[in-house]
Amino acid sequence: MNTKVYVLLFLLFAFSTFIFASSTTDHFRSNGTGTWSTIGIWESSSDNLNWSAATLSPTSAANTITIRNGNTVSIGGAVSIDQTVIENGGQLNVSSGITLTIANVTGTDLTVNGILRNNAGTITTTGSVVFGSTGIFQLNHTTTAGVIPTATWNSGSTCEIVGYTTNTSAPTNLGQSFSNFTFNCPNLSANFSAGGALTTVNGNLTVASTGTGSFRLKGNGGVTVAIGGDLIITGGTFNISSGNSTLDMNLSGNFTMSGGTLTESGGGTNNINFAGTTAQIISITNSPTINNTINFVVNSSAIAEFENENTVLGGSTGTFTASSGSTLIIKHASGITSS
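Per chain, residues are indexed from 1 in the order of the written sequence. Predicted model: local features are reported for residues with pLDDT of at least 70 only, side-chain atom pairs are reported and counted for 80 or more only, and whole-chain, interface and lining totals are derived from all residues. Computation of side-chain values: all heavy atoms of the structure, hydrogens and water removed.

**Student:** Explanation requested: the overall build of the chain in the structure shown.
**Tutor:** The secondary structure listing takes helices from DSSP runs of H or I that are at least 4 residues long and strands from runs of E that are at least 2 residues long, numbered from the N terminus. Assigned secondary structure in the chain consists of one helix and 36 strands. Its C-alpha atoms give the chain a radius of gyration of 26 Å, clearly above 20 Å, the size a compact globule of 339 residues would have. Its C-alpha atoms give the chain principal-axis dimensions of about 105 × 35 × 35 Å. Buried positions account for 45% of the 339 residues belonging to the chain. Note on contacts: a residue pair is in contact if any heavy atoms of the two residues lie within 4.5 Å. Long-range pairs, those at least 24 residues apart, make up 52% of the contacts in the chain between residues at least 6 apart in sequence. For the chain, the exposed surface amounts to about 14500 Å²; the carbon and sulfur share of it is 50%. The positive count covers Lys and Arg only, the negative count covers Asp and Glu only, and His and the chain ends enter neither. For the purpose of locating charges, the reference atoms are NZ of Lys, CZ of Arg, CG of Asp and CD of Glu. Separation between the mean location of the 7 positive side-chain charges and that of the 13 negative ones in the chain comes to 9 Å. Only the C-alpha atoms count toward the radius of gyration. The rule for a globule is 2.2 Å times the residue count to the power 0.38. Using a 1.4 Å probe on the protein chains alone, a residue whose accessible area is under 20% of its type maximum counts as buried, one over 50% counts as exposed, and one in between counts as partly exposed. Surface exposure here means Shrake-Rupley accessible area, sampled with a 1.4 Å probe, where a residue is shielded only by the protein chains that are shown.

This is the structure we're talking about:
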C-alpha cells in the first residue's frame, strides 16, 4: 500500500470521527431505558434530522433533549437540563437525594407530556415548566413534604401525591391552579394536612387511598376550595376540615363516591356546594361512609341529579339545602327524606 492510500485512509477515519462524535450543543433523544449518565441510551444529532449513537449524555448546553415514548430515564446524579420534552409514554425519574435543575434559557425549558416523577429528590426550577394535557407529575416523597414544581398546568394534566408514609405537612407550591389533582398514598399512617393551601382544582379532585391515615384539606382558618370538575372518592379517609371555621367547597362537576370515608373532625361549618351550570350527577356506590357535620347545598340555578333509584346521600349529621331556583332530580322511591 503506497503513501497516498495511507493518507486517504487516515483522512476517512478522521472525517468519520468528526461526523459521529457528539457535541454538547447537539440535539439529544433517548433510545432506551436507563440512567441519565448512561451514554448508550442516547442518540444525538447536529441537525435534528440525522441521528447516531451519542458519545456523551446531554446537559443544559444541548440544543434540545427528548425523553421518548416507551423510555424511562432515571437521574442518578445532579444534572441541569433545558429545552427538554418528555413525550406521552415517556418518563423521567429523579432519584432520592439527587438534584435536577431546570435551567432558564429561552422558550419553555421543560414540557411534560408523559410522567415526571420525583422519588424524594430535589427539582430546582429556574426555568419554565409546562404540563401538557397528558402530562403527570408524581410527588413520591415519604417522610418529608417535598416540593411541587411551579408550572403551567394545562387542562387534562395531573398532579399526584403518591408516596407519603408519615409526613403530615403540605408540600411547597401546593397553592397553584391545577387541572387534575390526585391523592393516592396507600402506605400513609399519619394525618396529612394540605393546610388550606389547595384551593384551585380546575379538573377532578380524586382521593384514592390514604392507608391508615387521612387526607385533610385544612385545619383552622376559613377556606374556599374551587373544583371545576368532579369530586371522586374511591378509597381512604377524606377529612375535609379539622378546624372550627368555615370550609366552602364549590363543586362544578359530579360527586362520586365508590369507597372510602368523607368526614370532618373540627365542628366548624363545612359546605359542599353544587355550583355547576349543567346537571351534576350524585353517584354513591359500594356503601362508602359519610359522617359528621357536612352540609350539602344545591346553589341557585344548579341541578343536582341522583344517579339512580338506589342512590342515597346519607350519613352526615349536617343539612341538605336546595336553594331557591335550584333543581333536584330524585329517583329513589322515598323521594327526599331525612331518614
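Alright, that's what it looks like, and here's the rest.
**Student:** Could you clarify how one ought to interpret the environment of Phe306 in this entry?
**Tutor:** Locating Phe306 in the fold gives a position in strand β34 (residues 303-306). For Phe306, a relative accessible area of 9% corresponds to the buried category. Not counting chain neighbours up to four residues away, the residues in contact with Phe306 comprise Ile282, Thr311, Leu313, Phe320, Ile329, Ile330 and Lys331.

**Student:** Looking at this model, I keep getting lost on the nonpolar core. Mind explaining?
**Tutor:** Soluble globular proteins tend to bury their nonpolar side chains together. In these notes, a set of buried Ala, Val, Leu, Ile, Met, Phe, Trp, Tyr and Cys residues joined through side-chain atoms within 4.5 Å is what counts as a nonpolar core. In this structure, Trp36, Leu198, Phe238, Phe255 and Leu262 are the most contacted members of the largest nonpolar core, which totals 73 residues. With residues up to four places along the chain from it excluded, the contact list for Phe255 reads Leu231, Leu262, Ile272, Phe274, Ile281, Ile282, Ser283, Ile284, Ile290, Phe296 and Leu313.

**Student:** Whenever I open this one, the sheet that holds strand β4 (residues 52-53) confuses me. Can you help?
**Tutor:** In any sheet, the strands associate via hydrogen bonds between backbone groups, in a parallel or an antiparallel arrangement. Pairing between two strands is assigned when DSSP locates at least 2 bridges connecting them. Strand order in this open sheet of eight strands is β4-β3-β1-β5-β8-β11-β14-β16, and the pairing throughout is mixed. The sheet is open, and its two borders are formed by β4 and β16 (152-153), each paired with just one other strand. Direction of pairing for strand β14 (residues 129-131) relative to β16: parallel, over a ladder of two bridges. Note that in β16 the partner of Val130 across the bridge is Thr152.

**Student:** Which parts of the structure should I look at to understand unusual backbone geometry?
**Tutor:** Most of the time, phi is negative for any residue but glycine, and the peptide bond is trans. Positive phi, close to 65°, is recorded for Ala120, a residue that is not glycine. Checked against the element boundaries, Ala120 lands in the loop between β12 (115-118) and β13 (122-125). The phi angle at Asn286 is positive, at roughly 65°, despite the residue not being glycine. Secondary-structure assignment places Asn286 in the loop between β31 (279-284) and β32 (289-290).

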